[in-house]
Amino acid sequence: MKEFVLYTGCTAPVRLPAYEAAVKAVLDKMGIKLIDMKGANCCGAQYVESVNRHAFAAMSGRILALSEKYGHDILAICGACSGSLKWVKHELDEDWKLRDEVNALLADEGLEYTGKTQVKHLLQIFHEDIGYDAIKAAIVKPYSGIRLAAHYGCHVTRPYDIVRVDDPENPTIIDRLIEIAGGTPVDYTGKTRCCGGPMLAMDQSLAVKIGLDKIRNIRNEKADGIVTACVFCDIQLTQVQFGEGVGEKERIPVLTLPQFLGPALGISPAKLGISFNKISPSKILAGVMEV
Amino acid sequence: MSETAHEPRNKIAHEPKSTFSQEIAAQPGGEYIRKCIQCGLCTASCMVANYTDKYRPRKMVQKILIGEREEVLSSELPWLCMTCRLCEERCQEGVSLAEIFHVVRDIAAREGHIPKVFKDTVNLVMKDGWLLKGSYTDFEQDDRTSLGLDPDLNWNEEFMKKVKARYFGKEPVEGGEQE
Amino acid sequence: MTTEETSKQNSSAGQTESKVPAALVVGGGVAGMQAALDIASQGFKVYLLEQSPSIGGRMAMIDKTFPTLDCSACILTPRLSETSRNPNIELLTYSEVKSITGEAGDFRVRIRRKARYVNEKKCSACAECVPVCPVEVPNDFDQGLGFRKAIYSPFPQSTPNAYTIDKKGEPPCRATCPAHVNAQGFVTLMKHGKYDEALEIVRDAIPFPGVLGRVCISFCEAECERGTLDDSMSIRNLHRFLADYERENNLAKPVVPKIDKKERVAVVGAGPAGISCAYQLARKGYPVTVFEAKPEAGGLLRYAIPEYRLPRNILDEEIQRVVDLGVKIKVNTPVKSVRDLLAKGFKAVFVGTGASVSNKIGLPGEEIVGVIHSVEFLEKVNTGQDVKIGEKVAVIGGGDAAIDAARVAVRLGASDVTVIYRRSNIEIPAIPSEVEDAKSEGVKFMMLTNPIEILSPRGVLTGIRCVRMRLGEPDHSGRSRPVPIVGSEFTMAVNTLILGVGQSANPRGVQTECDCTEYATVKADPVTLQTSIPGVFAGGDVVLGPLTVVKAVGQGRQAADSIDMYLRGIPFGHSPPERHRVQSYEVDKRRVLPAKRAIMAKQGIRSRKSDFSEVELGFSEETAHSEAERCLGCAVCCDCNQCVKACQRGAIDQSMTDESAELSVGAIIIATGYRLFDITAYPQLGYGRYSNVIHAMEYERLINASGPTKGHLIRLSDGRIPESMGFIQCVGARDVSKDVPYCSRVCCMYAIKNAVMAREHNPDADVTIYYADIRAFGKGFEQFYDMAQTRFGVKFVRGRVAEVAEDKHTHNLTVRYEDTETGTLHDVEHEMIVISPGIQPPEGLDDLAVELGMDLAADGYVDVADQIVTPVDTKIAGVFVCGCADAPKDIPDSVSAGSAAAMRATIILNNMRKKV
């Protein structure tokens, strides 16, 4: 049985616990064991990253070293975290001086980064560690007649040379999973564009405009829902639909990937935290189970 | 005839104002900034540029190349990049714009130019060890429990103190006001 | 490398024999032709080798040239003519370089001339063959935009002006069939409803389209390439349909015998092997007499295979056709000696007496009442004798005879029939569909079980004792040897025991006059089927041991060919040249939609168990047609020979083969041209996903009057004329992330030319080129760029396109770019987008480089010795390069390089001439 150390990041446990719960439920069903990382710290994405490169390396470096202590590879479910951890791993592998500097900071905790562990994002677990065939075989209640738009997230898929998850210009993993679960994946303009989440700090209205661009393009294709693979993307694409310009009836439900796959695998919505989703996905799940 | 009569009236500077582009190129991530041919592919790929006229990544790179160090470092524009990296994927000369802007931010922060929101967030992380301690209330704890998740999040606060001491001095991050 | 050095090198080559100074130019594009002409006009011989059927290269594909807007064909075709007429130039089209050895002044080049299957001298390119060819494939010359037939000419001015048949070899179905039935041939004709011609193709190989269409084991289907995608073709049922269709619609034309030879041939045994041999000999004109011991002809087809699988009228009719061809069948006439037959005046004998003696199981009690061997059982039933069987029947064995016996037992009223087989489901040799049908008729299968005792306390069968088996090590046949599991014995009550444990040749049969093996099968030469007695041939089960009908039919045909050559005194015995069997990767599977194999309708279980009427009911015409449509056409040309019939000059020769030749040359010039960068590497630009995004070469074919739309520039989505077009530059060039950092040199100019042509085609069209730089560097280029803007109104926007989006309803495209001159972002809609790909080293250049012992540059191009002073010399002495093989070039530069390379080559040739 494959095992991973789960790094949730700062935001998921507080703002999107349903995602965490759904990940655990689905991966458990598919035979992946997860160990919660205890005593973790923020990965430093976005903010410390912008302000001090070495401090950023130390923060993500500690997470990497912690996973070495656990003896397992890391599963990062947030796109920003997975991007940061992979980026810092790349830096520490290339720059010995930086690595020594970080290890010096970790020394008195008994931690060390030697480069042993790999960092994987949730999409890689589905694609590489579980495999489409196993997922197909485990589907018990396929969807039918549901059109879904996949949103991958920038930090999940780029920069390709470092993260190596999927084709950055034409990603397909979520779309294939939608298909396997019986849904119809929908192509839309600007599929690889950013959700706008990172702009919230500096200019909220600009961030909303960018997010609504995506929602508009998705609505154009008459999708019934959006499937995400990153904490921030999920929160952002949900939140922008609560501002001006989107009527209540027009809101498109946003589901994290494991919340989408779970019902098709026979997992109850309660375990997936479906009731926590701000825009109810009841229409999507109607064919699959009672919500 | 005196020599001064032959001197050109307005001295035109043909070199960049400063060695700012070299300074950027010397940092990891900034290596290929001088390969930029100003083709505009990055700006055309940029969602920020799409929704706000003031932001043009190509122009920012241009400013760096012609050496407008003060203007770039004191501007809020480099802090608007969302690091979505579509520009980097598509740039045919290998210019890593998001990384270049990271380098600019790094230098800018050191010289005291940092937007308030960034400053405040960094200080918060230094203090708590993670970002949302203040937002984690009973309600959120109950939510987690009802989902079968451990309400004790187990964050480590000690390490960030070391990071702060090592990289940011004893005081929280200072900075000029950038709104 | 200076001139002196070159001659020093040549003089050290040490030529002792006199050699004709000749050069080889690899590549028949404009550069290659130039080089060839310049060498030839100095009096030297040149071989101009080209891998496609015609010289002309890329210039034959494009419409106009830059910067003059000359018609490309008008400039090119006089060259084609000159090249083909020059007495010193030998055109080797449709050919490939196989190996190169030697050195400057003395190269040995082995080449392969691919078979065109058309005689270049006889073909007048009248194209009468094209309408009758049933095979259509995407037209590569038209960049896949249109279709062409298997017999084709790339463009109207093809040189040599002869058609070519694209035949990849032998398709897997035909290669696998022991009787070499041309399955792809008849299936392809069926796609067009040409059932008569299709049936003719089947009848060329076998006399039994209906019989084999019901009983053949179909080796072909196991190898069918369609099976690698979804399901294999239902080939057997398709030729059954052809036979049934002819019968049901009374379309059979009377058979006209043409016996015009004197040598009489005797065939012993009227089974499938014998009938097949007689059939083929009669078609060749020989008078044949078939001697059959039994009361009727057909062999095991009649006496073993039950009627519900093979209705007797089908068998009778197909045998009658053979008789109508002039074959005499003498039934009730056993033959005691083949030597007697030869003495009686037959000039040759074919022995096809089969192997129908049942093997004994070797258990005591095998002779008692209630125990019968399957072949005897089936023969009794098939001859209408009254056979009594009990309620509980056990059949021992796993071959077709055992399954047939079990299913017959069901029809005779047994309520409990069990097949007992000592190996497992994987090893059971019977046809899988027969096993399935037996199971649905209620026959039980007991695998890994073997009888060890026949129980008959009062001399009558009461039951059997069996033991369970497990699979152990393989035996002499390669199959796992079953091993009894000790202590697993059990008893089973049965009234009738049918033993189907295999057959053997009759150890006292007439074939034993020849040398035989220990199994009483004839030792016959595997190629000629000649036995130890001169003039006596053998085939079928009597040689192979009990096998399959189709193998017997195949050997009958093989023997007929041997007998024919023997009687004509032609030496025989060499294996025919191996035809290349089409490999899986050679079959174009790109555009295949999934489609399941047609299901054969069968009689209901209850009705079929009650009598011996045919179980499988055959395909309807609609089903047969849609099944035939699934054929992938592996070999492309299906050998249906419709073109041969249509050609009035007899120019088509399907028996041609690839030929090898060795050229002796003093110098080699590489002029292999280029290929386009694969722009699907830029998914954000939509090529391959959006129908109205095309690349420049597709555009050239659209505006070319000899292209797929006859020169009408139209959208691929709806055929409308585009009112607004966008050209995207620097795709697959000047891109470090795709490993093509260099500029492709020609794209700016060809795009301007294309944009100008767009305005010429439609003066109201809005045409825009999106660029980072316009490289108009040559003489006349700047003026052309200027003229494009002023006179032709082409718009130029300085801003590279980031992405292309499609409107799903109109299929219009929206490009997103930043106008770098104003700093504004735009989304602009166009009706067609043309991407200008960078050009790349051609496919196959790396293979050629290996043969030359030459290292290519890191970017895959030929590395020149010195870019400044010897720009057409490679690093190998005596090998030169021109055209785009060493770097992107436009036409004038390619032509100059061609002349330069010719010059460098003739220095060597001149020195060779001086020596001679």
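Residue indices begin from 1 for each chain and proceed along its sequence in written order. Starting at A for chains and at 1 for ligands, labels are handed out in the order in which the entities are written. pLDDT decides what is reported in this predicted model: residues at 70 or higher carry local features, side-chain atom pairs at 80 or more are listed and counted, and totals for whole chains, interfaces and linings draw on all residues regardless. Only hydrogens and water are removed before side-chain values are computed, so all heavy atoms of the structure are retained for them.

**So, the interface of chain B and chain A**
In what follows, residue pairs with any heavy atoms lying within 4.5 Å of each other are defined as contacts. Taken together, the contact between chain B and chain A spans 53 residues of the former and 59 residues of the latter. Here, a salt bridge means any side-chain nitrogen of Lys or Arg that lies within 4 Å of a carboxyl oxygen of Asp or Glu. The interface formed by chain B and chain A holds six salt bridges in total. N or O atoms closer than or at 3.5 Å make up a polar contact, with two conditions inside protein: a donor-capable atom paired with an acceptor-capable one, and, for residues adjacent in sequence, both atoms drawn from side chains. Run the count over chain B and chain A and you get 18 residue pairs in polar contact (both at pLDDT 80 or more). Note on conventions: DSSP H or I runs of at least 4 residues are helices, E runs of at least 2 residues are strands, and numbering of each starts at the N terminus. At the level of elements, α3 (47-51), α6 (86-90), α7 (97-110), α8 (116-128), α9 (138-146) and α10 (158-168) of chain B are the ones that each hand at least two residues to the side of chain B that touches chain A.

**Examining the interface of chain B and chain C**
Of the residues lining the interface, 19 residues belong to chain B; the matching set on chain C comes to 23 residues. For chain B, the biggest contributors to the area lost against chain C are Ala44, Arg90 and Gln92 of chain B; these three give 37% of the whole. Counting every contact that joins chain B to chain C gives two salt bridges. Between Arg58 of chain B and Glu818 of chain C there is a salt bridge whose closest N-O contact spans 2.9 Å. Here chain B and chain C share 14 residue pairs in polar contact (both at pLDDT 80 or more) between them. Only α2 (41-45), α3, α4 (57-65) and α6 of chain B provide two or more residues apiece to the side of chain B that touches chain C. Counting residues per element, the side of chain B that touches chain C draws most heavily on α2 of chain B, at four residues. Amino acids outside the nonpolar list (Ala, Val, Leu, Ile, Met, Phe, Trp, Tyr, Cys, Pro) and the charged list (Asp, Glu, Lys, Arg) are all regarded as polar, and Gly is one of them. Partitioning the side of chain B that touches chain C into residue classes produces six nonpolar, seven polar and six charged. Summed over both partners, the accessible area (1.4 Å probe) lost when two parts come together is defined as the buried area.

**Regarding unusual backbone geometry**
Residue and element names in this part refer to chain C. Look at the link from Phe66 to Pro67: it is a cis peptide, with omega at -5°. For Pro67, the location among the structural elements is in the loop between β2 (45-50) and α3 (72-85). The step from Thr159 to Pro160 runs through a cis peptide bond, and the omega angle for that step is 0°. Among the secondary structure elements, Pro160 is positioned in the loop between β8 (151-152) and β9 (164-165).

**A few points about the sheet that holds strand β15 (residues 371-373) of chain C**
All names here are of chain C. Note on pairing: DSSP must find at least two bridges between two strands before they are called paired. With parallel pairing, the five strands of this open sheet are ordered in space as β15-β23-β16-β17-β18. Only two strands of the sheet have a single partner each, and these edge strands are β15 and β18 (444-446). Along the sheet, successive strands turn relative to each other by an average axial angle of 20°, direction set aside. Two elements, strand β16 (residues 392-396) and strand β23 (residues 496-499), share four bridges in a ladder whose sense is parallel. Bridging from a neighbouring strand, Ala394 pairs with Leu497 of β23. All axes are obtained by fitting lines to C-alpha atoms, using only the stretch in contact for helices, and the reported angles, taken between N-to-C directions, cover 0 to 180 degrees. With respect to the sheet, helix α15 (residues 374-382) is in contact with β15 and β23, its orientation differing from that of β15 by roughly 85°.

**Describing the domain arrangement of chain B**
How far each domain reaches was decided by an automatic or database domain assignment. The domains assigned to chain B are domain 1 (19-110) and domain 2 (116-168). The C-alpha-based centres of domain 1 of chain B and domain 2 of chain B are spaced at 31 Å.

**Some points on empty space enclosed by the protein**
With a probe scaled to a water molecule rolled over the atoms, the places where space remains empty come into view. In this analysis the probe radius is 1.4 Å and the grid spacing 1 Å, with only protein atoms considered; a cavity is a set of points the probe fits into but cannot get out of, a pocket is an open set with protein on both sides within 12 Å along at least five of seven lines, and lining residues have an atom within 4 Å of a point. Grid points are joined across faces, edges and corners, and a volume is the space filled by probe spheres set on the points. If you walk through the whole model with that rule in mind, you get 13 cavities of 30 Å³ or more. One number sums up the size of the largest cavity: a volume of about 260 Å³. Lining the largest cavity are 19 residues, and of these Tyr188, Gly190 and Lys191 of chain A together with Arg689 and Tyr690 of chain C lie nearest its centre. Among the elements that make up the lining of the largest cavity, the one with the highest residue count is strand β33 (residues 801-806) of chain C (four residues). Counted as a void, the second largest cavity has a volume near 190 Å³. Around the second largest cavity, the lining comprises 18 residues; the ones closest to its centre are Thr8, Asp36 and Met37 of chain A together with Arg144 and Leu153 of chain B. Elements that contribute at least two residues to the lining of the second largest cavity include exactly β1 (2-7) and α2 (17-29) of chain A. Tallied by class, the residues present in the lining of the second largest cavity amount to seven nonpolar, four polar and seven charged.

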